[in-house]
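# Structural features, examined
Residue strings, one per chain:
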Amino acid sequence: MTLVFFLPLSNTILSCFKDNSVFAWEFDTLRCKYRLPTPIEGSVLLYKVFAVTRDGRIFVAGGKSNNLHLWCLESRQLIRIIQMPANVRAVRHLEFLPDSFDGGSNQVLGVLSQDNIMRFIHIETCKLLFDIGSHEVGISTAAASPNGRYIASVMENGSLNLYSVQALTQEGNKPPPPMFKVIEDSSKCLSEANKLTMRVTSGRSERPWKSKGSKIETRLLKLQGNTSLENKENELPGGLNKKHLQALLKGFGEYPAKYRMFVWRSLLQLPENHLAFSSLIDKGTHTAFVNIQNEYPIKSRKLLRVLQRTLSALAHWSAIFAETPYIPLLAFPFVKLFQNNQLICFEVVATVVVNFCQHWFEYFPNPPVNVLSMIENVLAHHDKELLQHLIKYNVTSQVYAWPLLETLFSEVLTREEWLKVFDNIFSNHPSYFLMIVVAYIICSRAPLLHCNQTGDFEYFFHHRNNLDINVVIKEAYHLVEATPLDIHPQRMLDDFIPLTKGQYPVFNKYPKFIVDYQTREWERIRQDEIEYLRERQLVHELEAKAQERKAEDEAWYQKQKLLREAEEQRRKMLLEEEEKLAEQRQRLAAVKRALKVQELQFLDASRRRFLKYQQDQHQMELKRLDDEIARKVSMRERETAATVQDVEVQRMELESQRQLSEQHLIKDQEAVTKEMREEVDARRRRMDLEDHLVQRLMEIDREENQKAQIVAEENLAKAEQKRVGTDWRLQALHKLRRGDQDREKRYEEIAKLLHDNRVKEAELLKAVREAEEKTWEEVIQKKAQLEEEQKAAAAADVHRKQFLEDKMKDALEMAEKLQREDGYFGERIERLCDLKAGRTERGVELQHVPRSGNICLNDLSASESSSHMSLNRRREELACQERELMAEVRQLRRKLTSLARTRHPPARFQATKWTP
């Protein structure tokens, strides 16, 4: 890059690079606004110098050529190429001559060429108006006054010439009479007057193409003794004079504390560019100093904030300060001193960096080796022994000089000492700062010569020491005067140059590629750090979330623990309540059991009484039936005996009438036999029905008693019942088989007797007819008596039938209910009913035999007198057999009843019935 500058009245930065490319940049955003096109072929030159009109519209560029390029910045086009005279081979400086009436569109351009002559031309007409300077006394540099009336030029011989533009333009370029002024300082002798002489030459220099006949007239003017010592070179802002201030400083050693800040501002000639400083502050905190509190933990928040803003403004002003590690150390003393005025603080630091830190950044990022070499040369000239001692222990200038420079003595001096030192530094040439460093080292030679370790040297130059600062200051003045010119720092350092007004100057005296590379590296590291911080923030957030979840889990577990504890407590309470309730239930159960036992005892007692009563009733009924059977048997025997007697009495009578009444007797006998048979059958059926109902009741009772049995007892009872039933049936079948055999024999005998009777019926017919009349009368009487008895028996039968039907209905309902509850009992009831029906049928068959035999005996003919005795014996045998058979039947019934009661006790039946 060749040059960078601001366009007037704007925030646009114009920069030109070595390839002649010109860019315009927006100052606020650093965005490229436009770029000037490349010049046409044949007119290409290397731009070295530039000039811009006051209105910022015309831009002129020159270089190693006699051509000038005029650019219109509004249209961004090359509008004219001006060719200078042939003797102009290069352009060194361009300067527009202001005019109060051109509105900033300057038309006169001053061109300083390689021949040290400055020619003023009109850019529109391209005419040469006038020139200044000559080949003998050439111009080094020139500048025009803001109003365009005067031109000041520094000549090669060191003189300063002032030219009046009006005289040069109106008088045909004739120079005014030259003036030579000599200014003497009253405080010094006349021998030093030449040092204060200022030559001002005004006139027209000879042009190269004209004759050299004219001469420059000079006149020496001596100032009177009462003339003021002030001159333009020593004039300072605020009406102060630098020479007076230096004299005051030498007399008192320091400036008054009350006016020190004002004096410093005047010495440093601060421009106080509020707008420029505001634009730097508005850019905010620089990324390099965001976390400055971590590296420099300052207790005062205000001081830290001012330091951060000042450093950020310096970094925005020039990128080198963002990468310089010692810039906070350098700026901190001034920040602490001017913390209430940040503008002054920034401009003081910037002025110190520009003037007193010259050549510091040329070897960046290393320390300024050239500056340290100056200090080492001065130290070697004035104190070789001390330097040899430092070299002996490998103590370089980076150890004994650089700590003092980078901290501006703030580490080794107190506040008052530091202020006194900088009173002298700001009042002298920038080289005096280096002399102060050498003086501090020389004044510390005694303790330094006793140090023999590197750590001791480092500690010495980083901490306060017992030195008289006034001695150091005087030693520095002595070094300034006693140092030879070949090693004097003033020869290599520029004079003090204040900051420019309006905009701060461009600070680019550093290796830009290193700074750019370091900036890129820092930016990359910063981005990596930002990424790391972002990831760490994410990790922290995840950890916070994990901690939060953990806390929530802990709270949840704690809550669950409390809930479990509360639940356990309530469970314990419930268990206690349940135990109490269980105890109460046990007590209630015990009471209920006692009541139930009492109830069962009462029920068992009542049931036993009922069963006893029922057994008694059954026994009475059986006894009554047995008595009735016996009565009927005896009655049949008596009737049979009476009939036999009547037959024997009437046999003879019937014998005679047998032939006559045989047919009638047979018919009547058949009718009577049929009627008697029907009556006997009906009675037998009634008896069988009654027996069946009784057996059903007994079976239902036994079935109800069996319901209370548990499964094992039921199975056992079932097996036992089957065994008993099988045995009983076998016994009954054997007995029935024997009875059938006996009946077969009796049937054969009866059939034989019937055959005999039929033979003798004819004989008895006659006797029957004779007794018919008497018999009819007896039959009528007996029939009436029989009807009455039948009515009474029918009423009794109806009452008994109704009673049995009710009992049977209740028993069947109970059996159906039990059958619905358990189909096992229904099946057993059916089997028992079948068993009872079989026994009833067999009983009927057993009862049928004697009755049949009895009826058959009634059919005997009266005429069988010859076999009467045998018939009576047979009757007696049949009656005995019938009685034995009936006795066996009654015995079997009693065994069956006792067996059923033994297998199924009534108490269990009642318990099962009433306790489901």
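Residues numbered from 1 in each chain as written. Predicted model: local features only at pLDDT ≥ 70, side-chain atom pairs only at ≥ 80, totals over all residues. Heavy atoms only, no water.

## Here we look at the overall build of the protein chain
Secondary structure assignment for the protein chain yields 24 helices and 18 strands. Excluding contacts between residues fewer than 6 apart, the proportion of contacts in the protein chain whose partners are at least 24 apart in sequence is 67%. In the form shown here, the protein chain has an accessible surface area of approximately 53,100 Å², with 53% of it arising from carbon and sulfur atoms. (Helix = DSSP H or I, 4+ residues; strand = E, 2+ residues; numbered from the N terminus. Contact = heavy atoms within 4.5 Å. Areas by Shrake-Rupley, 256 points an atom, 1.4 Å probe, with all protein chains shown as cover.)

## Thoughts on a nonpolar patch on the surface
Together, Val154, Leu160 and Leu162 make up a nonpolar patch on the protein surface, roughly 190 Å² of accessible area in all. Locating Leu162 in the fold gives a position in strand β15 (residues 160-164). A residue is classified by how much of its surface remains accessible, and Leu162, at 35% relative accessible area, is partly exposed. (Patch = residues over 30% accessible without salt bridge, like charges linked within 9 Å, V, L, I, M, F, W, Y side chains within 5 Å. Salt bridge = Lys/Arg side-chain N within 4 Å of Asp/Glu carboxyl O. Buried < 20%, exposed > 50% of the residue type's maximum accessible area, 1.4 Å probe, protein only.)

## What to know about the packing of helix α3 (residues 260-268) against helix α14 (residues 415-426)
Here α3 crosses α14 at 30°, and the two axes come no closer than 10 Å. In terms of axis orientation, α3 runs roughly parallel to α14. For the pair α3 and α14, the sense of crossing is left-handed. Where α3 approaches α14, its residues Arg260, Trp264, Leu267 and Leu268 are matched on the opposing element by Trp418, Leu419, Phe422, Asp423 and Phe426. For the contact of α3 with α14, the residue count by class is seven nonpolar, no polar and two charged. (Axes fitted to C-alpha atoms, helices over the stretch in contact; angles between N-to-C directions. Parallel < 35°, antiparallel > 145°, perpendicular 65-115°, else oblique. Left-handed = near helix turned anticlockwise from the far one by under 90°. Nonpolar A, V, L, I, M, F, W, Y, C, P; charged D, E, K, R; others polar.)

## Section: the pattern of salt bridges
Tallied over the full model, the rule gives 14 salt bridges. We note a salt bridge from Glu272 to Arg265, for which the minimum N-O separation is 2.3 Å. On the basis of relative accessible area, Glu272 is assigned to the partly exposed category, the value being 29%. Two residues, Arg445 and Asp383, come together in a salt bridge whose shortest N-O distance is 2.7 Å.

## Examining unusual backbone geometry
Backbone geometry at Asn116 places phi at a positive 65°, although glycine is not the residue there. Tracing the chain through its elements places Asn116 in the loop between β10 (108-113) and β11 (118-122). Classification of Asn116 by relative accessible area gives buried; the value is 11%. At Asn394, a residue that is not glycine, the phi angle is positive and equals roughly 55°. By secondary structure assignment, the location of Asn394 is in the loop between α11 (384-392) and α12 (397-400).

## Side note on helix α2 (residues 242-252)
Considered for burial, the residues of α2 that qualify are Leu245, Gln246 and Leu249. Projected down its long axis, α2 carries its buried residues within an arc of 100°, all on one side. For α2, the exposed residues lying more than 90 degrees away from the buried face are Gly251 and Phe252. Those residues of α2 that are buried lie in contact with α3, α14 and α18 (469-482). Residue Gly253 follows α2 closely and has a positive phi angle near 85°. (Arc of directions from axis to C-beta.)

## A few points about the sheet that holds strand β13 (residues 139-144)
Pairing within the open sheet is antiparallel, and its three strands lie in the order β13-β14-β15. What marks the edges here is a single partner per strand, and that holds for β13 and β15. Pairwise comparison of adjacent strand axes, ignoring direction, gives a mean angle of 20° for this sheet. Where strand β14 (residues 150-155) and β15 come together, five bridges link them in antiparallel fashion. In the strand pairing of β15, Ser153 is matched with Asn161. (Pairing = 2+ DSSP bridges.)

## Structural notes on the packing of aromatic side chains
We describe a pair of aromatic rings using the distance from one ring centre to the other and the angle between the two ring planes. Applying the stated criterion across every chain, the model contains 29 aromatic pairs. Here Phe356 and Phe426 contribute two aromatic rings whose centre-to-centre distance is 5.6 Å and whose plane-to-plane angle is 55°, an arrangement assigned as tilted. Taken as a pair, Phe356 in helix α9 (residues 342-356) and Phe426 in helix α14 lie far apart in primary sequence, 70 residues in all. By relative accessible area, Phe356 is classed as buried at 4%. (Phe/Tyr/Trp six-rings, centres within 6.5 Å; stacked < 30°, edge-to-face > 60°.)

## Concerning a negative patch on the surface
A surface patch of negative charge is lined by Glu576, Glu577, Glu578, Glu579 and Glu583. Checked against the element boundaries, Glu579 lands in helix α19 (residues 512-706). (Lys, Arg positive; Asp, Glu negative; His and termini not counted. Charge placed at Lys NZ, Arg CZ, Asp CG, Glu CD.)

## Regarding a positive patch on the surface
Among the surface-exposed residues, Arg301, Lys302, Arg305 and Arg309 lie close enough to one another that they form a single positively charged patch. When you line up the elements, Lys302 lands in helix α6 (residues 301-317).

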